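# Tertiary structure, described
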Amino acid sequence: MANRSGRFAWYELLTTDVAAAGAFYSKAVGWGVKDESTPELPYTVLSSGGAPLGGLMDIPEEGRRLGATPRWMGYVAVDDLDATAARIGRLEGTILVPPTDTNIGQIAVVADPQEATFGLIKEPTYGRRKPGRLDEPGRVGWHELLAADRTVIFDFYRELFGWQQADAQSDPADWYQLFSAGGQTVGGMLTKLPSVAHPSWLHYFNVADIGAASKHVIAGGGRILQGPIELPDGCWIARCVDPQGALFALQGARGQTSIEPSSASEIDWSAKWGGIASQGRIVLPKPKR
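Scope of this entry: the structure provided in the associated data block. Sequence order as written defines the numbering, with residues in each chain counted from 1. Given that this is a predicted model, residues contribute local features only at a pLDDT of at least 70 and side-chain atom pairs are listed and counted only at 80 or more, while totals for whole chains, interfaces and linings are drawn from all residues. Based on all heavy atoms of the structure, the side-chain values leave hydrogens and waters out of the count.

## Looking at the overall build of the protein
Broken down by element type, the protein carries five helices and 18 strands. Each residue gets one of three labels from its accessible area relative to the maximum for its type: buried under 20%, exposed over 50%, partly exposed in between, using a 1.4 Å probe on protein chains only. Here the protein, with 289 residues, has 51% of them falling under the buried criterion. Every residue pair with non-hydrogen atoms within 4.5 Å of one another is taken to be in contact. At a minimum sequence separation of 6, the contacts of the protein that also span at least 24 residues come to 63%. Looking at the protein as shown, the accessible area adds up to about 13100 Å², and 50% of this sits on carbon and sulfur atoms. Only DSSP runs of H or I covering at least 4 residues are called helices, and only runs of E covering at least 2 are called strands; the numbering of each starts at the N terminus. The protein chains shown are the only cover counted for residues, whose accessible areas, like all others here, come from Shrake-Rupley with a 1.4 Å probe.

## Looking at the sheet that holds strand 8 (residues 117–122)
On the basis of which strands lie adjacent, the open sheet formed by eight strands has the order 2-3-4-1-5-8-7-6 and mixed pairing. For this open sheet the edge positions go to strand 2 (32–35) and strand 6 (94–102), each flanked by a neighbour on one side alone. On average, adjacent strands in this sheet sit at an angle of 25 degrees to one another, irrespective of strand direction. Should DSSP find at least two bridges between two strands, the strands are taken to pair. With five bridges joining them, strand 3 (residues 44–48) and strand 4 (residues 51–58) adopt antiparallel strand pairing. Within the sheet, the bridge partner assigned to Ser47 lies in strand 4 and is Pro52. Here the axes come from fitting lines to C-alpha atoms, over the contacting stretch only for helices, and the angles between their N-to-C directions go from 0 to 180 degrees. In the packing of helix 4 (residues 150–161) onto the sheet, contacts are made with strand 5 (71–77), strand 7 (105–111) and strand 8, and the angle to strand 8 comes to roughly 5 degrees.

## Let's talk about the nonpolar core
Remark: nonpolar core denotes a set of buried residues (Ala, Val, Leu, Ile, Met, Phe, Trp, Tyr, Cys) joined through side-chain atoms within 4.5 Å. Counting 50 residues, the largest nonpolar core has Trp72, Phe118, Tyr157, Trp163, Trp201 and Leu250 as its most contacted members. No other element matches the six residues that helix 4 contributes to this core. Those residues in contact with Leu250 that sit more than four places away from it in its chain are Val29, Tyr204, Phe205, Val207, Ile210, Ala213, Ser214, Val217, Trp236, Ile237, Ala238 and Cys240.

## Remarks on the packing of helix 3 (residues 81–90) against helix 4
Contact geometry for helix 3 and helix 4: axes closest at 10 Å, N-to-C directions at 155 degrees. Taken together, the axis directions place helix 3 and helix 4 in an arrangement best described as roughly antiparallel. As helix 3 runs across helix 4, the sense of the crossing is right-handed. Contacts between helix 3 and helix 4 pair Thr84, Arg87 and Ile88 from the former with Phe156, Glu159, Leu160 and Phe161 from the latter. Residues of the contact of helix 3 with helix 4, tallied by class, amount to four nonpolar, one polar and two charged. Under this scheme an angle from 65 to 115 degrees is roughly perpendicular, one under 35 degrees roughly parallel, and one over 145 degrees roughly antiparallel; angles in between are oblique. Less than a right angle of anticlockwise turn of the near helix away from the far helix marks a crossing as left-handed, whereas a clockwise turn marks it as right-handed. Charged means Asp, Glu, Lys or Arg here, nonpolar means Ala, Val, Leu, Ile, Met, Phe, Trp, Tyr, Cys or Pro, and polar covers whatever is left, Gly included.

## Some points on the environment of Thr185
Following the sequence through the fold, Thr185 ends up in strand 12 (residues 184–191). Sequence-wise, Thr185 and Trp163 are 22 residues apart; in three dimensions their C-alpha atoms are separated by 9.5 Å.

## Concerning the pattern of salt bridges
Side chains bearing opposite charge may pair, as long as their charged atoms lie close to each other. Each reported salt bridge corresponds to a side-chain nitrogen of Lys or Arg within 4 Å of a carboxyl oxygen of Asp or Glu. Per the stated rule, a full pass over the model turns up five salt bridges. The residue Glu144 makes a salt bridge to Arg239 at a minimum N-O spacing of 3.8 Å. Of this pair, Glu144 sits in strand 9 (residues 140–147) while Arg239 is found in strand 15 (residues 236–241), placing the two residues 95 residues apart along the sequence. Glu144 gets classed as buried once you look at its relative accessible area, which sits at 2%. Where salt bridges share partners, they join Asp155, Arg158 and Glu159 into one cluster.

## Regarding the sheet that holds strand 10 (residues 164–165)
Strand pairing in a sheet relies on backbone hydrogen bonds. The paired strands run either parallel or antiparallel. Taken together, the eight strands give an open sheet; going across it, the order is 10-11-12-9-13-16-15-14, and neighbouring strands pair in mixed fashion. Only two strands of the sheet have a single neighbouring strand rather than two, namely strand 10 and strand 14 (223–230). Here six bridges tie strand 15 to strand 16 (residues 247–252), and the two strands are oriented antiparallel to one another. Looking at the pairing, Ala238 lines up with Leu250 of strand 16. The strands that helix 4 touches are strand 9, strand 10, strand 11 (176–181), strand 12 and strand 13 (200–207); relative to strand 12, the one it contacts most, it runs at about 140 degrees. Helix 5 (residues 210–219) rests against strand 13, strand 14, strand 15 and strand 16 of the sheet, and its axis sits at about 155 degrees to strand 16.

Set out below in structure tokens:
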């Protein structure tokens, strides 16, 4: 696991309808769906090209009573789960689920000091031992933190995982901060709009044809909140919500399927999509993902 440490290694969708969610993502992203439930825990595994990358499970009844809603959560691989969890406390984060053994490996669920939740995982049961290319079809190719204040939260993740600023020479006032893990640029951080209730992580799923995938989202009962939008590097993105209400994003090439023109497809654009992101200006071409 040494070469995965500090990188996102597993993704999990907590939802209110596992069967419907599996069918939706199978069409929209092209993932394989396999029931790997045990007598103790119902669990569905998602895969791309035969390689497991995430799972689906029902929101527990207690969570529903407390108002939990469908959401995606990314797990970052660590070598020492107990030590990392202890470091979370020292860095003013929160332990929501303490280190425990599960069907996907040893995990903990935590929150950063601004209350964005994510998972920690040691020796995952599923997933690849070596990180692949970020642009592989079906892979989760980008990770975006919608922070309460992106100018101060980066230090937490740098201290916890060793992440580095990928555009270290950029102006601190710039609205988007790229970050790298293990020398590979894997995501960005931005300050959310005040109308967004809680900071959160947004994960981008790679698709071969952004137009076709967007149409599958709509046909499957999901919604496109913004996009598709063309970025300066030639990649197209769309921010979406699935039929049960979980937020996610797509990224990929323009393909053969037609794309409805978007008024936000310029370099100068307003990323105000359904109250989910922030406003800003892309001032430098983003690197190829």
